[in-house]
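Fold and contact review
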Amino acid sequence: MPQEAPARVVRELASRGYNAEREAVTLLAGADDSMAAIETVVESLSPDTLKVTREDVEAGLERSGSKRGTAHDGGDGGDGADGDGGDVAGGVDAGIAGDGVGAASQGGTGTSSTDTPQQDPSVSTGEDTTNRSRDGSSPRDVDDVPVETKGEGSFERTVDEALRAIDVAGDVTGHSTGTGAYDDFVSVFRDRYDRLGSKLRGRVNHRPTDSIEDMVGGSDVGLVGMVNDLRSTKNGHWIVELEDTNGVFPCLITKGRDLADLVDELLFDEVIAIEGTLSDDGEIVFVDELYFPDVPRTYEPSTADRHVQAALISDVHVGSQEFMADAWHRFADWLHTEEAEHVEYLLIAGDMVEGVGVYPNQDEELDVIDLYEQYERFSEYLKEVPGDMEIVMIPGNHDAVRLAEPQPGFDEELRDIMTAHDAKIVGNPSTVTVEGVSILMYHGVSLDEVIAEFPEGKASYDDPHKAMYHLLKKRHVAPQYGGHTRVAPENQDYLVIDDVPDVFHTGHVHKLGFGKYHNVLAINSGCWQAQTDFQKSVNIDPDVGYAPIVDLDTLDVTARKFV
Ligand code: D5M
Ligand code: FE
Ligand code: ZN
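Attention in this report is confined to the structure presented alongside it. (Residues numbered from 1 in each chain as written. Chains lettered and ligands numbered in written order. Predicted model: local features only at pLDDT ≥ 70, side-chain atom pairs only at ≥ 80, totals over all residues. Heavy atoms only, no water.)

**Concerning the coordination of the zinc ion (ligand 3)**
Inclusion rule: Here the coordinating atoms are restricted to nitrogen, oxygen and sulfur within 2.8 Å of the metal centre, or 3.2 Å for Na, K and Ca, and because water is not among them the sites may look incomplete. A run of H or I in DSSP counts as a helix once it spans at least four residues, and a run of E counts as a strand once it spans at least two, with each numbered from the N terminus. Burial status follows relative accessibility: with a 1.4 Å probe on protein chains alone, a residue under 20% of its type maximum counts as buried, one over 50% as exposed, and anything between as partly exposed.
Surrounding the zinc ion (ligand 3) are the protein donor atoms Asp351 (OD), Asn397 (OD1), His443 (NE2) and His508 (ND1), which sit 2.2 to 2.3 Å from the metal. Coordination of the zinc ion (ligand 3) draws on donor residues from a single chain, spaced D-x45-N-x45-H-x64-H in sequence. Here the iron ion (ligand 2) and the zinc ion (ligand 3) are spaced 3.1 Å from one another, each receiving a donor from aspartate 351. Taken together, the positions of asparagine 397 in the loop between strand 12 (390–394) and helix 12 (412–417) and histidine 443 in the loop between strand 15 (437–441) and helix 13 (445–453) put the pair 46 residues apart, joining distant regions of the chain. Overall, asparagine 397 belongs to the buried group, its relative accessible area being 12%. On the basis of relative accessible area, histidine 443 is assigned to the buried category, the value being 0%.

So, in structure tokens, the structure goes:
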């Protein structure tokens, strides 16, 4: 008889209205028949018990003659099922706890290799061994669910929190100055131009736009500019109008040249450099070379000094009828197993909840209609993961913060709701450095734009990481102003990718994909929401219930599947 995962014990107790000490959970998880033991212990509790203690469990089990499991005696060693002060956070409401699904960590592995774009998740991950229907329709029957415990159902994590290091940069939270006034737009674009331009100045001999027309026809010209306009001529050539701080200048890219292929990749408002020759009449530059700020090919990412892992997820969408609670429970349960012993960090790249009024007719698919209640539920789900885990979260377009990017982290009211694990709540985007590995977290709304505007081969929903490569190449997470992505002007451009990250983590498009671009690991995490009616109508087939796990010492990735 397999032993139970602690998270499941927590849920069972919570569904009966009890909190529990960590040691009590460990004992129950290690019992020969945890569910029976829970019943016995609960029956023997005095009516005024709120929190189940170790003594309660021992007394209850003794009375019934149940034996404790032998695999592991709780002890005091590490942080148990949930670390907050040694107690297990309870109070999970029945809607969650009543969804009786056992632990089943699943899946094979798919390890990324350098420079090899990844990856069809259905190939890289193990097959579905439980084959359960999604949340709401699964029977409350746990015995038939395989629990992958490797014979150590009561495995207890032992982590050394002193070895951890986590640091956040580039977060707008608390620094937003934008008023939306015209001046703010001028300053944010100027900042973008200065910072990205400085990465390009070494590559071309920049001539200010207003001095080019005074040059002799046929001169060599270098120009660093922001893409102000892009149009085709009647002969099928392209005119890219570049803007610097002095004005604009038109540059011609002739059709049929290799360069013309790059026109497909241009977005308005991004900063590029060109080299070319001034026309005889001094009116236009014929482009010979085009440069993006880019990531150096020789970039050498930093890695952690020890074997430690991070789970990178996003798009939980709690509150949606399509939220896959079963998959989440399996994920949380798996985190308590020995296999996940080194997973000490959990990064969540936005869309914690489904939100309210985000898309037209969205209310028809809401399971929880109150926004704050959605966050309360989310917080309860978060409590299922081991209490010692370090959690970082940024908001997404479904979250209750301003939609325009950069988005500040959640406000006090929401922080008060999401107190579990003392998570680090930061803005979108933010760069989180975990034990030396810098991880740029960005929700990913601009990916829709890149995918919509680029040809299929350069960016698609099936290969979301390739769309991410373009953002790295542009060194900007959302270059185009005025399209899908709403951008709020601030006194600086928080969306510029100033320093090359070691890992780039996005979500939003609900597709799993990862690969390396010039040695930077790009990961788009999938989601925890099954296909919505809207997504069905536009053929978006989401990758649900995956958690990519990154080895911070090697930057290898294993995609784990929990559906
Ligand atoms: O977005 C999930 C994905 O689905 C993302 O690629 C946008 C797209 N999506 C979902 N609903 C809509 C509507 N109503 N209009 C346009 N695009 C949509 P998420 O932000 O998680 O909902
Ligand atoms: Fe989402
Ligand atoms: Zn989103």
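There is more to say, and it comes next.
**Observations concerning the nonpolar core**
As a reminder of what qualifies: Each nonpolar core is a collection of buried residues, namely Ala, Val, Leu, Ile, Met, Phe, Trp, Tyr and Cys, held together in the definition by side-chain atoms within 4.5 Å. Residues are treated as being in contact if the distance between any of their heavy atoms lies within 4.5 Å.
Judged by nonpolar contacts, the single largest core of 42 residues is most densely connected at Trp328, Phe331, Leu346, Ile348, Phe378, Met393 and Trp528. The element contributing the most residues to this core is helix 10 (residues 325–335), with 7 residues. The residues touching phenylalanine 331, leaving out its near neighbours within four places in the chain, are Ala311, Ile313, Leu346, Trp528, Ala547 and Phe562. Core analysis: the second largest hydrophobic core is formed by 27 residues, Val295, Phe454, Leu471 and Phe504 among them.

**Focus: the pairing of strand 15**
To keep things clear, this is the line we draw: When DSSP finds two or more bridges between a pair of strands, those strands are recorded as paired.
Burial within strand 15 is extensive, with 5 of its 5 residues counted as buried. By the alternation rule, side chains of strand 15 split into Val437, Ile439 and Met441 and Ser438 and Leu440, which are all buried. Bridge count between strand 14 (residues 430–434) and strand 15: 5 bridges; the pairing is antiparallel. Within the sheet, the bridge partner assigned to valine 432 lies in strand 15 and is isoleucine 439. The turn joining strand 14 and strand 15, which pair antiparallel and follow one another in sequence, is formed by 2 residues; a positive phi near 45° is taken by glutamate 435. Summarising the sheet, strand 15 and strand 16 (residues 503–506) pair through 3 bridges and their orientation is parallel. Its bridge partner lying in strand 16, isoleucine 439 is registered against valine 503.

**Considerations on the sheet that holds strand 11 (residues 343–349)**
The 6 strands lie next to each other as 13-12-11-10-19-20, forming an open sheet whose pairing is mixed. Where the open sheet ends on each side, the last strands, each with one partner, are strand 13 (424–425) and strand 20 (557–561). Of the strand pairs in this sheet, strand 11 and strand 12 are connected by 5 bridges, and their pairing is parallel. In the strand pairing of strand 12, tyrosine 345 is matched with glutamate 390.

**Thoughts on the coordination of the iron ion (ligand 2)**
The coordination sphere of the iron ion (ligand 2) contains the protein donors Asp315 (OD), His317 (NE2), Asp351 (OD) and His510 (NE2), at a distance range of 1.8 to 2.3 Å. Linear spacing of the donor residues for the iron ion (ligand 2) on their chain is D-x1-H-x33-D-x158-H.

**Re the sheet that holds strand 17 (residues 513–517)**
What counts is decided by this rule: Where helices are involved, their axes are fitted lines through C-alpha atoms of the stretch in contact, as for all axes, and angles between N-to-C directions lie from 0 to 180°.
One open sheet accounts for 6 strands, arranged 4-14-15-16-18-17; its pairing is mixed. The open sheet has two edge strands, strand 4 (166–169) and strand 17, and neither has a second partner. Direction aside, the axes of adjacent strands within the sheet are offset by 20° on average. As defined by bridge partners, strand 4 adjoins strand 14 across 4 bridges and the pair is classed as antiparallel. Each residue of the ladder has a partner; that of alanine 169, found in strand 14, is threonine 431. Where helix 14 (residues 464–474) meets the sheet, it contacts strand 16, strand 17 and strand 18 (520–524), and its direction lies at approximately 35° from that of strand 17.

Without other data, these values stay purely geometric and don't point to any function.
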